[in-house]
Amino acid sequence: MFAGLEHAIAARNPIKRDGLDGTDALRLCDGPGDGFPDLVIDDFAGRWLVQTRGGFPDWLSGGSIHWKKLGDKEPPRWIAGDRLAKPFVIREGGLQYWVDFNAGYSQGFFLDQRLNRARVRRTGGRVLNCFAYTCSFGVAAAAGGAGTANIDLSGKYLDWGKRNYLLNGIDPARHRFLRGDVREWLKRLHKKGELFDLVILDPPTFSRNSEGEVFTIESGMGDLAGLCENLLGRNGVLLCSTNQRSLGAARFLEMIRAGMRRPWQAEPSPMPPDFTGEQYLKTWWLTKK
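Residues numbered from 1 in each chain as written. Predicted model: local features only at pLDDT ≥ 70, side-chain atom pairs only at ≥ 80, totals over all residues. Heavy atoms only, no water.

Asker: Give me the lowdown on the nonpolar core, citing residues and values where you can.
Answerer: Residues Leu 128, Cys 130, Leu 186, Leu 201, Leu 238, Ile 256 and Leu 286 are the most contacted members of the largest nonpolar core, which totals 33 residues. For this core, the secondary structure elements donating two or more residues are strand S8 (126-130), strand S9 (147-152), helix H6 (182-191), strand S11 (196-201), helix H7 (217-229), strand S14 (232-242), helix H8 (249-258) and strand S16 (282-288). No other element matches H7, which puts six residues into this core. Leaving out residues up to four positions away in the same chain, Leu 238 has contacts with Val 199, Leu 201, Ala 225, Cys 228, Leu 232, Met 260, Trp 284, Trp 285 and Leu 286. Among the nonpolar cores identified, the runner-up in size contains 25 residues, and Phe 44, Phe 88, Tyr 97 and Ala 140 belong to it. (Core = buried A, V, L, I, M, F, W, Y, C linked by side-chain atoms within 4.5 Å. Buried < 20%, exposed > 50% of the residue type's maximum accessible area, 1.4 Å probe, protein only. Helix = DSSP H or I, 4+ residues; strand = E, 2+ residues; numbered from the N terminus. Contact = heavy atoms within 4.5 Å.)

Asker: Just give me the short version of the packing of aromatic side chains, but keep the residues and values in it.
Answerer: This structure, assessed with the given rule, holds eight aromatic pairs. Seen in terms of ring centroids, Phe 44 and Phe 101 are 5.6 Å apart; in terms of plane orientation they differ by 85°. Their pairing is edge-to-face. Taken together, the residues Phe 44 in strand S2 (residues 39-44) and Phe 101 in the loop between strand S7 (95-99) and helix H3 (114-121) connect sequence positions 57 residues apart. Of the two residues, Phe 44 and Phe 101, neither departs from the other in class, the shared state being buried. Consider the rings of Tyr 97 and Phe 109, whose centres lie 4.7 Å apart with planes at 40°: the pair is tilted. (Phe/Tyr/Trp six-rings, centres within 6.5 Å; stacked < 30°, edge-to-face > 60°.)

Asker: Let's hear about the pairing of S11: which residues, and what values?
Answerer: Most of S11 is tucked away: five of the six residues are buried. Pairing geometry for S8 and S11, over four bridges, is parallel. The partner of Cys 130 across the bridge, within S11, is Leu 201. For S11 and S14, the ladder comprises five bridges, and the chain directions are parallel. Note that in S14 the partner of Leu 201 across the bridge is Cys 240. (Pairing = 2+ DSSP bridges.)

Asker: Now, about unusual backbone geometry: what can you tell me, with residues and values included?
Answerer: Here Ala 45, not a glycine, exhibits a phi torsion of approximately 55°, which is positive. Note on placement: Ala 45 falls in the loop between S2 and strand S3 (47-52). With phi around 50°, Phe 131 is a residue other than glycine that occupies positive phi space. Phe 131 gets classed as buried once you look at its relative accessible area, which sits at 19%.

Asker: Can you tell me about the sheet that holds strand S4 (residues 64-69), naming the residues and giving the values?
Answerer: Hydrogen bonds between backbone atoms are what pair the strands of a sheet, whose relative direction is either parallel or antiparallel. Strand order in the open sheet formed by five strands is S1-S2-S3-S4-S5, with mixed pairing between adjacent strands. Only two strands of the sheet have a single partner each, and these edge strands are strand S1 (25-30) and strand S5 (77-80). Averaged over all pairs of adjacent strands, the angle between strand axes in this sheet comes to 25°, irrespective of strand direction. Relative to S5, S4 runs antiparallel, the two sharing three bridges. By the bridge assignment for S5, His 66 is matched with Trp 78. (Axes fitted to C-alpha atoms, helices over the stretch in contact; angles between N-to-C directions.)

Asker: I'd like a description of the packing of H3 against helix H4 (residues 136-143), backed by residues and values.
Answerer: Two quantities define a packed helix pair, namely the angle between the helix axes and the distance between the axes. At their nearest, the axes of H3 and H4 sit 7 Å apart, and the two run at 35° to each other. Considering the relative orientation of H3 and H4, their crossing is right-handed. Counted together, Asn 116, Arg 117, Val 120 and Arg 121 of H3 and Ser 136, Phe 137, Ala 140, Ala 141 and Ala 143 of H4 form the full contact between these two elements. Class assignment for the residues of the contact of H3 with H4 results in five nonpolar, two polar and two charged. (Left-handed = near helix turned anticlockwise from the far one by under 90°. Nonpolar A, V, L, I, M, F, W, Y, C, P; charged D, E, K, R; others polar.)

Asker: How would you explain the pattern of salt bridges if you had to name every residue and give the values?
Answerer: Following the criterion strictly, the structure yields 20 salt bridges and no others. With a closest N to O distance of 2.9 Å, Arg 27 and Asp 30 form a salt bridge. Residue Arg 27 is classed as buried on the basis of its relative accessible area, which comes to 10%. Between Glu 278 and Arg 245 there is a salt bridge whose closest N-O contact spans 3.1 Å. (Salt bridge = Lys/Arg side-chain N within 4 Å of Asp/Glu carboxyl O.)

If you want it as structure tokens, here you go:
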């Protein structure tokens, strides 16, 4: 068992050498994809977040380890090594981001979007980041020279995003952080005649706004895609992504296209190579035909 895990970890070494100044946040073990059906290990700058379906595996040892059950919405529990009571910094492709193991269900950074962030960084122009969360897409775009606008319902997470900008020497005052319902902001920006070179649409699978209105991918993705279409310039690109496991890539694309008026060419994007198990993340890059 130890040899199998060591092999999985060693196979990830090339990822750490990729990027301008390396990457120290990645998935070390991805369940069945690495021969461990009930074990996921994410490495955040040497701090391991272990997830299992049952209890913590006693045979597993290392430095700083925190653990939680797969799918659990509570913060992870400290097991060994450094007890992470405060946020800390991770690196991806030379950029830095704040991570917090005490933040709740998510730690503030989604490892599975690495390839998409790298492509966003190469875009330039004007970028609109919807459902921005802690603005990692915005940071990547701004680092590539883009002017960015980040929309999120939570002021707390937009403030976290501003700290991510500052961490990378990017002045958040030169970018926009728009608090409120994404749908309403898309309408407002369209009314003002704003256009973007890239719009990023990575909504949660389920959410409820301040008015109590419920959003689900099935019921709302097409409408959102149509609103984003209004904001795309002549050569604009729409990036759509979802981690909803019950939804196939083809069906997700159908939902997107159902809300758009013009024909669009769609290109899928794979998950990063350290995600060897279930390919749950569906990503489409849409450009005008």
